[in-house]
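Each chain, written out:
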Amino acid sequence: MRKVSRRGIVLIISIVLAVVMAMFVGAALSLGPASLAASQNVSRQIQAQEAAESGVQYALSQFRKDPSWKGDLNATTVNDPDLIVTEDNGNVVGFVRNGSNQWARFDFRFNYQDGAAGPDGLDNPATLSLSSPYVSVNNLQAGGQADVPRADGPGFSVTGASARPYTVPQGAVFLAVQGRSGNVDPANPTLTAGSTVSAVEAIFQVGDLGAGVDSAAAMSAQNLTSNLSNNGNKMTVEGKAGRVPRLRSRGSILVNGGSAAENYFSDNGFVNTGSGFTANYDNNKTTAQGEDSSKPFYQLEWDKVRKADAAGPKMAAGTYVWWQDGTLHYYDMNYTTYVNHIKANPTDPGVAAVLPGNVVTDTAGKKVLRLTSSVSVEATANSQDFSLLTRNGAAEDPPTPGDDPVVVVNSVASYAQSHCPAFMSSFNPQAGSLVVTDLANNPVFSASWSYSGAPSPATYSSSVSGPQGGDLFMIHRFLVDPTLYPNYKVASSSGWAPAGVAEAANWAQAQGVSVNDPALPAKGEINPTGVTDNLSAADLEVEFAGGTDPVVLSSQGDIYLTGAIKGTGGSIVSEGNIKVVGLSADFSANEVNGVNLYSKGDITFSSLDGKGSVYKYQDVNLKGVVYSWGNFNAKVGNQQINSWGKFDLEGMLVAYGGDPHGLPGTNGKGNINISADEIKMVFDPSFVTALGTTLPDGFHFKTLSWTSQLQ
Amino acid sequence: MLAVGLVTVLILSLAALITSTLRSNQKASMLAPAAEVAETLMTQEMYGVENDLPAGSHSAFWDTDGIWKDSTVVGVFQSGGVDYEYRMQRRLVAGLGGPPPNRVKKVDLSVWWLNTRNNGGDRQGSGKLELHVSRLVNEVAPP
């Protein structure tokens, strides 16, 4: 056996070791840079994420100052040593330097980069075009949802054919922000290649009403009273998307009528009152507690309310009257003056209404007054109010005993007895009776009355009975004009004649007693003598048609509208009172009045629809903010005529009772009165962005969605 | 003899190289947790400020600038059995936001391995672990 050479063994071992070492050296050389790259990458990732987050925070801070902001300040808005932000026609680029002197950047765009005439309302950026398909959308002040497009057209533009993968809700903003780290240079803002990119897509919505304000669906500086029908329904209060359902009143909250078992329902809700909550409710679901008077109401001050640009389109103040032939007539006078004038001059056509270019009429179906952008009402020498109505006017209320001393036998006598004894002495007859039946001689009602004694002291007695004896409205109507009820007849009577009632009313009026003309049974109706015109509130409509842009109708005086209000994002702003009669008069149950209302005076709705002698209340579905310095009254039902609609408000209702610069209730007002079959109120603060020029101090943006990813 | 000496030198060099590589890998593997630490610190601190936890945090943060939290004062941050030191500073951004409660601040956070701040995060033989991030925050941030 041959002996192995030692040198050979050493050589072999050396070769093996050399090979192994070469492998290790190779591995180390390859792992070293990889590790370094990995560590750099992790560092860049988090810096890119934080840069994207900073972009979101920058945008939110700008929205706080101006809810209409969309990156269009066209300036370097921040120029600090370690923070530089530039806005260029809707494109925003920011640079953030960290503690190790490294720059990261964020960028986002509202600009469609589709030229000046595109739907974004922005010209192309002068220098900061962004090669990103992600587009942000500010929908804070719109009344409806908006599409979120992708910039997938030429040059990263948005075209009509671009994909629209998302929608953003009304009163919300969609932000798509990209953060970049590595290869970032503030001196070269167009440089985006070679960076680590992190993207954030998020939707934010106004979450509350500001610091210190306990949000609520309704806030009343005095009392909140709900009068429900006797149909067994209830008042319901909710908070949208998890917000606290709450009512607040510095006085009392009272729910009348409705279900005897439960006429108020608010799951996990609160009712805050200064002097008590009276309703049938489950205290396991609803907590009644005291109202802390040190806690503010939502303060929306006049100078922060969005109004029409005074230098923009204008309409002359006065009364605008739709005629049945589709013409719109103008009278340079306030509503009350017009009513008196037209009664004396029933056929006066006034003059043809002159409208600005952004206000058009449409008579193809209903008589529509369409506002395509904001318009202000300009006072004239004779008028500062704005009224829109039909020739016959519109019934705000059905005739009720409280409005008219001659409505029912017993009430007129009682009224006269207490207010004008001399009237009683002339009431002819001072005693009488009336029996009314249907044509088949079935009793309808019987009434009798008697009066004795000198005007003072006097004694009086009366009675009304029969199957319809409780229907005072019908009885009143019958007394005024029995021909309104062709199926009824007077079976017997003594000392009664319709003319006698009218005479009594005329006499009372001459004595200075405020009474309605018995021939005008409903408040608000005009019915000029000799005029045949069948238009009613159900035939009229005011439409806010600004698309995603808010449209405001603002006036220094009262605003009185007849008919339905349609559209989204509309606002009616008045330094006087606001009254809408016939609201929803011809809406189906699922249609919505999308409108925000702000008044320095009272706000009154009536959904009464009157045609001839038939009166009926319609449902009211309202989306928006209703803010009054005075009282709020919603007339959506009436016990006298036993007609009821439903009242549904999604947004917020405030009866501040004074100037919101001060404390609530300083003017002695601030009552909320709602009469309806059932009432539903849903708190949603997102509408405040449509009404105000700023957002509430200290409010939260509620994050509706948030997606973050590395790219 | 020469061969044996050469082999010994080579083996020692190889050991040093492997050690260096392992430490480099360790640093890379620890940087990801460090990034999470930075995220956690930022989120935790801003949550406390926004919700005034503990009481007084909100005004303390917003009413002055400078160092907000420093681990030399409040203690190190431990995560995954590793100790980190850190420092968070804030500065009001002029020209952005508005008066209270609409102010905006820039927050700078730096994270190091424990006891390496003075060396710029450099741990002997392990290289630097120094993470710096910056963020803008609104006085009333999204909840």
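Undergrad: Describe in detail the overall build of chain B, supporting the description with residues and values.
TA: A count of helical and extended segments in chain B gives 3 helices and 7 strands. Each helix and strand of chain B, placed in order from N terminus to C terminus, yields the pattern α-α-β-α-β-β-β-β-β-β. Pairs at least 24 residues apart make up 54% of the contacts formed inside chain B by residues separated by at least 6 positions.

Undergrad: Requested: an account of the overall build of chain A, with residues and values cited.
TA: Summing up its helical and strand segments, chain A has 7 helices and 50 strands in all. By the burial criterion, 53% of the 711 residues in chain A qualify as buried. Restricting to contacts in chain A with at least 6 residues of sequence separation, those with at least 24 account for 69%.

Undergrad: Please provide a residue-by-residue account of the sheet that holds strand β40 (residues 603-606) of chain A, values included.
TA: Residues and elements named next belong to chain A. Spatially, the 12 strands line up as an open sheet ordered β17-β14-β11-β48-β44-β40-β38-β35-β26-β20-β21-β22, and their pairing is mixed. Strands at the two margins of the open sheet, each flanked by one partner only, are β17 (277-278) and β22 (351-352). Here strand β35 (residues 559-562) runs beside strand β38 (residues 578-581); their pairing, made up of 4 bridges, is parallel. If you follow Tyr-560 over to β38, its bridge partner there is Lys-579.

Undergrad: Go over the sheet that holds strand β23 (residues 359-362) of chain A with me, naming the residues and quoting the values.
TA: All names here are of chain A. Taken together, 4 strands build an open sheet; the order of strands is β23-β24-β33-β36 and the sheet is mixed. Each end of this open sheet is capped by a strand with a single partner; those strands are β23 and β36 (564-567). On average, adjacent strands in this sheet sit at an angle of 25° to one another, irrespective of strand direction. Taken together, the 5 bridges between strand β24 (residues 367-371) and strand β33 (residues 540-544) define a ladder with parallel strand orientation. Bridge pairing links Leu-371 to Phe-544 in β33.

Undergrad: An account of the nonpolar core is needed here, citing residue identities and associated values.
TA: Nonpolar side chains in soluble globular proteins tend to be buried together. Residues A:Leu175, A:Leu653 and B:Ala38 are the most contacted members of the largest nonpolar core, which totals 182 residues. In terms of residue count, helix α1 (residues 6-65) of chain A provides more of this core than any other element does, 10 residues in total. Apart from the residues lying within four places of it in its own chain, the contact partners of B:Ala38 are A:Ile46, B:Leu109, B:Val111, B:Leu131 and B:Val133. Among the nonpolar cores identified, the runner-up in size contains 5 residues, and A:Leu434, A:Val444, A:Phe445 and A:Ala447 belong to it.

Undergrad: How would you sum up the pairing of β38(A)? Please name residues and give values.
TA: On a regular strand, one side chain projects to one face of the sheet and the next to the other, so that they alternate. All names here are of chain A. Neither face of β38 is exposed, since Ile-578 and Val-580 on one face and Lys-579 and Val-581 on the opposite face are all buried. One ladder, built from 4 bridges, connects β38 with β40; its direction is parallel. Bridging across to β40, Ile-578 finds its partner in Ile-603.

Undergrad: Just give me the short version of helix α2 (residues 335-344) of chain A, but keep the residues and values in it.
TA: All names here are of chain A. Among all positions of α2, only Tyr-335, Tyr-338 and Ile-342 are buried. One side of α2 carries all its buried residues, which in axial view fall inside an arc of 55°. Exposed and facing more than 90 degrees away from the buried side of α2 are Thr-336, Asn-340 and Ala-344.

Undergrad: Give a detailed account of unusual backbone geometry, specifying residues and quantitative values.
TA: Residues and elements named next belong to chain B. At the junction of Leu-53 and Pro-54, the peptide bond is cis and its omega measures out at -5° in the coordinates. Relative to the helices and strands, Pro-54 is located in the loop between α1 (2-50) and α2 (57-63). Residue Pro-101 follows Pro-100 across a cis peptide bond; omega there is 5°. Note that Pro-101 resides in the loop between β3 (82-92) and β4 (104-113).

Undergrad: Explain the confidence of the model for chain A to me, and be specific about the residues and the numbers.
TA: Residue and element names in this part refer to chain A. In this model, chain A carries an average pLDDT of 83, and 81% of its residues clear a pLDDT of 70 or more. Confidence drops under pLDDT 50 across residues 401-429; counting only partners more than four residues distant or on other chains, this segment forms 72 contacts. pLDDT under 50 marks residues 506-521. Its contacts with residues more than four places away, or in other chains, come to 31 contacts.

Undergrad: Outline the environment of A:Asp684, listing residues and values.
TA: Residues and elements named next belong to chain A. For Asp-684, the position within the fold is in the loop between β49 (679-683) and α7 (688-691). Through-space distance from the C-alpha of Asp-684 to that of Leu-649 is 9.7 Å; in sequence the pair is 35 residues apart. For Asp-684, the residues in contact, after removing those within four places along its chain, are Lys-240, Glu-650 and Gly-651.

Undergrad: I'd like a rundown of the environment of A:Tyr335, residues and numbers included.
TA: Residue and element names in this part refer to chain A. Considering the arrangement of structural elements, one finds Tyr-335 in helix α2. Classification of Tyr-335 by C-beta neighbours within 10 Å gives buried; the count is 22. Taking the C-alpha atoms as reference points, Tyr-335 and His-700, separated by 365 residues in sequence, lie 43 Å from one another. With sequence-adjacent residues up to four places away left out, Tyr-335 is seen in contact with Thr-319, Asp-385, Ser-387 and Tyr-560.

Undergrad: Go over the environment of A:Gly698, please, and point to the residues and values.
TA: Tracing the chain through its elements places A:Gly698 in the loop between α7 and β50 (701-710). Among the residues examined, A:Gly698 registers 17 C-beta atoms within 10 Å and is labelled partly exposed. When the C-alpha atoms of A:Gly698 and A:Gly210 are compared, they prove to be 4.7 Å apart, with 488 residues separating the residues in sequence. Here A:Gly698 is in contact with A:Gly210, A:Ala211, B:Pro101 and B:Val140, once residues within four sequence places are set aside.

Undergrad: Tell me what's going on with the confidence of the model for chain B, and back it up with residues and numbers.
TA: Should the pLDDT be low somewhere, the predicted coordinates at that spot are not to be read in detail. Residues and elements named next belong to chain B. Within chain B, residue pLDDT values average 81, and 76% of them lie at 70 or more. Considering each helix and strand of chain B separately, the mean pLDDT is smallest for strand β6 (residues 127-128), with a value of 65, and largest for strand β1 (residues 66-70), with 95. For this predicted complex, the interface score ipTM comes out at 0.84, alongside a pTM of 0.72.

Procedures and definitions
- Residues numbered from 1 in each chain as written.
- Chains lettered and ligands numbered in written order.
- Predicted model: local features only at pLDDT ≥ 70, side-chain atom pairs only at ≥ 80, totals over all residues.
- Helix = DSSP H or I, 4+ residues; strand = E, 2+ residues; numbered from the N terminus.
- Contact = placed C-beta atoms within 7 Å.
- Buried ≥ 20, exposed ≤ 12 C-beta atoms within 10 Å, placed from the backbone.
- Pairing = 2+ DSSP bridges.
- Axes fitted to C-alpha atoms, helices over the stretch in contact; angles between N-to-C directions.
- Core = buried A, V, L, I, M, F, W, Y, C linked by C-beta atoms within 7 Å.
- Arc of directions from axis to C-beta.
- pLDDT = per-residue confidence, 0-100.

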